[in-house]
Amino acid sequence: MEELPEGLQFRMESPVGPRMRIDGREVSYFSGTSYHTLHGHPVVIDAAIKALQAFGLGSGTHAAISVYEEAEAAVCAHFRCEKAISVASGYLSMMTLLSALRDDYDIIFADERCHFSVKDALICSQKPVVLFRHRDPGDLSDQMARHLGEGQVPHVVTDGVFSSTGALAPLDRYAHLLKSYSYGMLCVDDSHGVGVLGATGRGTLEHFGVEGENAHSAGTLSKAFGGFGGIIPASKVLAKKIAATGAIAGASFVPIPAAAGAAAGLRLFMKDQTILQALRGNVEQMRKGFRSLGLSVPETPVPIFTIQADVDLRRVNKALRDANIIVKYMKAGGYADAPPVETLRVAVFSSHSHGQIDELVSVLRKHL
Ligand SMILES: Cc1ncc(COP(=O)(O)O)c(C=O)c1O
């Protein structure tokens, strides 16, 4: 077997898709975060190529370029916001947001298993930080009561969808708790929620019906929308605060083909209502299949499934590989939110066929 760079489990040899080429074989691909496989969509690839030919890889300075304006317009149209802030990567979205809002809150209360990018953003915020137990509104309530002084403003920070387990943060409960504190705010790293959750795919805030001026999401174009780069849907007021941080003026814009690809991906997503419907249908089919194997699966529309079982999961992963099916093996505690036991992470896409899902479940049935 070929030696791969540290931390990587396979070599991709084609654009991402429900069927693709990995390690020299045609496989069914159930891994990663391209939930609609838009990164590999011919329209996205074509848009990126045309923009690359027209404007080059990057501008080498800050200048108005139609590609960026089209990407911003697409994000504004999708999120129904006044401004769409683009940052160099999703990793920087929360950092930018927390710094921009620095004067508006006193203490951050953050989920203890939030993503690496959120943990780094907490440090950069230079504000007091209290961690609360993973997805636990009761502990959040206790911590807020214990730490907040008279008139102090809390800021609750969490992932919307936790990336390795697919667990959802109970944002409705958090928003309810924040009602007791005037001006309390909620910021969500929604990298895995945008384009996936909510009736129109605006993400976890939409899913829980908690959108509003005190709730913000830090997102990415690098996953469901098939592009690359961080996004913060913003009001004009928030956009001004972000501009004052230097995060925009002090960094190069995302590469031109990436912005063009993201705009094309978003437009495809917005135009075609069947994409989200197909994802919901596939999540439902996968959930039924996994439950038929005796696995416990929560009743949510999140397309990330975790397999925990009393068997050697490396062996199960190998058996799936032998059947040309790719999922992700996660070692115990091997990622920001990963549980302390080994798991398999399975992602289902809107573009998977029912036959592919059935096949995955039937191979798992033989080996779990
Ligand atoms: C929860 C979460 N936040 C942020 C990021 C970073 O996003 P990007 O890959 O767009 O930089 C990731 C991706 O790996 C993530 O899973």
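Owing to the predicted nature of the structure, the values given are computational and were not obtained by experimental measurement.

A.B. asks: How do you make sense of the site of the ligand when you look at a structure like this?
C.D. replies: As a structural note, the neighbourhood of the ligand is formed by 14 residues, with D189, H192, T220, S222 and K223 the closest of them. A distance of 3.3 Å separates a nitrogen atom of the ligand from a polar side-chain atom of H115. Alone, the ligand offers 390 Å² of accessible surface; in the complex the protein occludes 85% of this. Mapping the ligand onto the cavity grids shows that it belongs to the largest pocket. Its residues placed into classes, the shell around the ligand shows two nonpolar, nine polar and three charged.

A.B. asks: It is not clear to me how the environment of T96 should be interpreted in this structure. Could you clarify?
C.D. replies: Tracing the chain through its elements places T96 in helix α3 (residues 93–100). The class of T96 is buried, set by a relative accessible area of 6%. Placed 63 residues apart in sequence, T96 and T33 show a C-alpha to C-alpha distance of 22 Å. Leave out the neighbours within four places in its chain, and T96 touches V87, I232, I242, T245 and A247.

A.B. asks: Looking at this structure, how should I read the domain arrangement of the protein?
C.D. replies: Reports of interface size often rely on the accessible area that becomes lost once the parts have come together. Partitioning the protein into domains gives domain 1 (19–30 + 273–367) and domain 2 (42–271). A straight line from the C-alpha centre of domain 1 to that of domain 2 covers 27 Å. Tallying the contact residues gives 18 residues for domain 1 and 24 residues for domain 2. When domain 1 packs against domain 2, close to 1700 Å² is buried across both sides, 60% of that on carbon and sulfur atoms. Together, L276, A336 and D337 form the three largest contributors to the area buried by domain 1 at its contact with domain 2, with a combined 32%. Summed over the shared surface of domain 1 and domain 2, the number is zero salt bridges. The interface formed by domain 1 and domain 2 contains seven residue pairs in polar contact (both at pLDDT 80 or more). Of all the secondary-structure elements, those providing two or more residues to the side of domain 1 that touches domain 2 are α10 (274–292) and β10 (304–307).

A.B. asks: Please explain the state of the cysteines as it appears in this structure.
C.D. replies: Note on terminology: disulfide describes a covalent bond linking the sulfur atoms of two cysteines. Counted according to the given criterion, the structure contains zero disulfides. Here C187 is not cross-linked by a disulfide; its sulfur's nearest cysteine counterpart is in C114, at 12 Å. By relative accessible area, C187 is classed as buried at 0%.

A.B. asks: I keep staring at the pattern of salt bridges and nothing clicks. Help me out?
C.D. replies: Opposite charge on two side chains makes pairing possible when the charged atoms of those side chains draw close. Under the definition given, this model contains 13 salt bridges. Here D139 and R133 are joined by a salt bridge, their closest N and O atoms 4.0 Å apart. When its relative accessible area of 48% is taken as the criterion, R133 is described as partly exposed. Across the pair R202 and E206 runs a salt bridge, and its minimum N-O distance is 3.6 Å. Of the two residues, R202 and E206, neither departs from the other in class, the shared state being buried. One salt-bridge network, held together by shared partners, links E284, R287, R291 and E299.

Conventions adopted
- Residues numbered from 1 in each chain as written.
- Predicted model: local features only at pLDDT ≥ 70, side-chain atom pairs only at ≥ 80, totals over all residues.
- Heavy atoms only, no water.
- Near = heavy atom within 4 Å.
- Polar contact = N/O pair within 3.5 Å; in protein donor to acceptor, adjacent residues only side chain to side chain.
- Areas by Shrake-Rupley, 256 points an atom, 1.4 Å probe, with all protein chains shown as cover.
- 1 Å grid on protein atoms, 1.4 Å probe; cavity = no way out; pocket = protein on both sides within 12 Å on 5 of 7 lines; lining within 4 Å.
- Sits in = over half its atoms within 2 Å of the grid points.
- Nonpolar A, V, L, I, M, F, W, Y, C, P; charged D, E, K, R; others polar.
- Helix = DSSP H or I, 4+ residues; strand = E, 2+ residues; numbered from the N terminus.
- Buried < 20%, exposed > 50% of the residue type's maximum accessible area, 1.4 Å probe, protein only.
- Contact = heavy atoms within 4.5 Å.
- Domains from an automatic or database assignment.
- Buried area = accessible area lost by both parts, 1.4 Å probe.
- Salt bridge = Lys/Arg side-chain N within 4 Å of Asp/Glu carboxyl O.
- Disulfide = S-S within 2.5 Å.

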